[in-house]
Amino acid sequence: MKSLLQPLYAVYRAILKHPKYRWIAIAASFFYLVSPVDFITDFMPIIGWIDDGMVATLLVTEISQILLEKRKQRQETTAPEDAEIIAI
């Protein structure tokens, strides 16, 4: 199973590295979760929920990654100012 999903995950991650396509992939993932159309229908117990769970996991992971990057950028921009205050 891991070997089947690894190429899909690699393509998804490559798309997410590009800022323009990142938001398109996030929006597509979100709309996939809320739309009634599925690759595997939810009427099949367990199996139908797995694809939704994988998409939800990727979506939450990417959103948290974006938030962590923004937080890191904010800390890097405010850090030199704090260092100057401490040095004085």
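Not measured: the values here are computed from a predicted model.

Visitor: An account of the overall build of the protein chain is requested, with residue identities and associated values reported.
Guide: Along the protein chain, the regular secondary structure elements total three helices and zero strands. From first element to last, N terminus to C terminus, the protein chain shows the α and β order α-α-α. Burial status across the protein chain gives 17% buried among its 88 residues. Counting only carbon and sulfur atoms, one obtains 71% of the accessible surface of the protein chain, whose full area is about 7300 Å².

Visitor: Describe the packing of aromatic side chains, and please don't skip the residues or the numbers.
Guide: Per the stated rule, a full pass over the model turns up one aromatic pair. Centroid distance Phe-30 to Phe-31: 5.8 Å. Interplanar angle 65°. Geometry classified as edge-to-face. With relative accessibility at 44%, the residue Phe-30 sits in the partly exposed group. Judged by relative accessible area, which is 53%, Phe-31 ranks as exposed.

Visitor: An account of the side chain of Ser-29 is needed here, citing residue identities and associated values.
Guide: Mapping Ser-29 onto the fold places it in helix H2 (residues 19–34). Not counting residues up to four positions away in its chain, the partners in contact with Ser-29 are Tyr-12, Val-55 and Leu-59.

Visitor: Could you give me a rundown of the pattern of salt bridges, with the residues and numbers involved?
Guide: Counted according to the given criterion, the structure contains two salt bridges. In this structure, Arg-22 engages Glu-62 in a salt bridge whose closest nitrogen and oxygen atoms are separated by 3.1 Å. Taken as a pair, Arg-22 in helix H2 and Glu-62 in helix H3 (residues 47–87) lie far apart in primary sequence, 40 residues in all. Arg-22 is paired through a salt bridge with Glu-69; the nearest N and O atoms lie 3.2 Å apart. Of this pair, Arg-22 sits in helix H2 while Glu-69 sits in helix H3, and the two are 47 residues apart along the sequence.

Visitor: Can you explain H2? Please cite residues and give values.
Guide: For an α-helix, 3.6 residues make a turn, and residues three or four places apart therefore share a direction. With 16 residues, H2 extends 23 Å from end C-alpha to end C-alpha; this agrees with the ideal 22 Å at 1.5 Å per step. All buried positions along H2 are accounted for by Arg-22, Ala-25, Ile-26, Ser-29 and Tyr-32. Considered in projection along H2, the buried side chains sweep an arc of 125° and stay on one side of the axis. Pointing more than 90 degrees away from the buried face of H2 are the exposed residues Lys-20, Trp-23, Ile-24, Phe-31 and Val-34.

Each value, and the rule that gives it
Residues numbered from 1 in each chain as written. Predicted model: local features only at pLDDT ≥ 70, side-chain atom pairs only at ≥ 80, totals over all residues. Heavy atoms only, no water. Helix = DSSP H or I, 4+ residues; strand = E, 2+ residues; numbered from the N terminus. Buried < 20%, exposed > 50% of the residue type's maximum accessible area, 1.4 Å probe, protein only. Areas by Shrake-Rupley, 256 points an atom, 1.4 Å probe, with all protein chains shown as cover. Phe/Tyr/Trp six-rings, centres within 6.5 Å; stacked < 30°, edge-to-face > 60°. Contact = heavy atoms within 4.5 Å. Salt bridge = Lys/Arg side-chain N within 4 Å of Asp/Glu carboxyl O. Expected span 1.5 Å × (residues − 1). Arc of directions from axis to C-beta.

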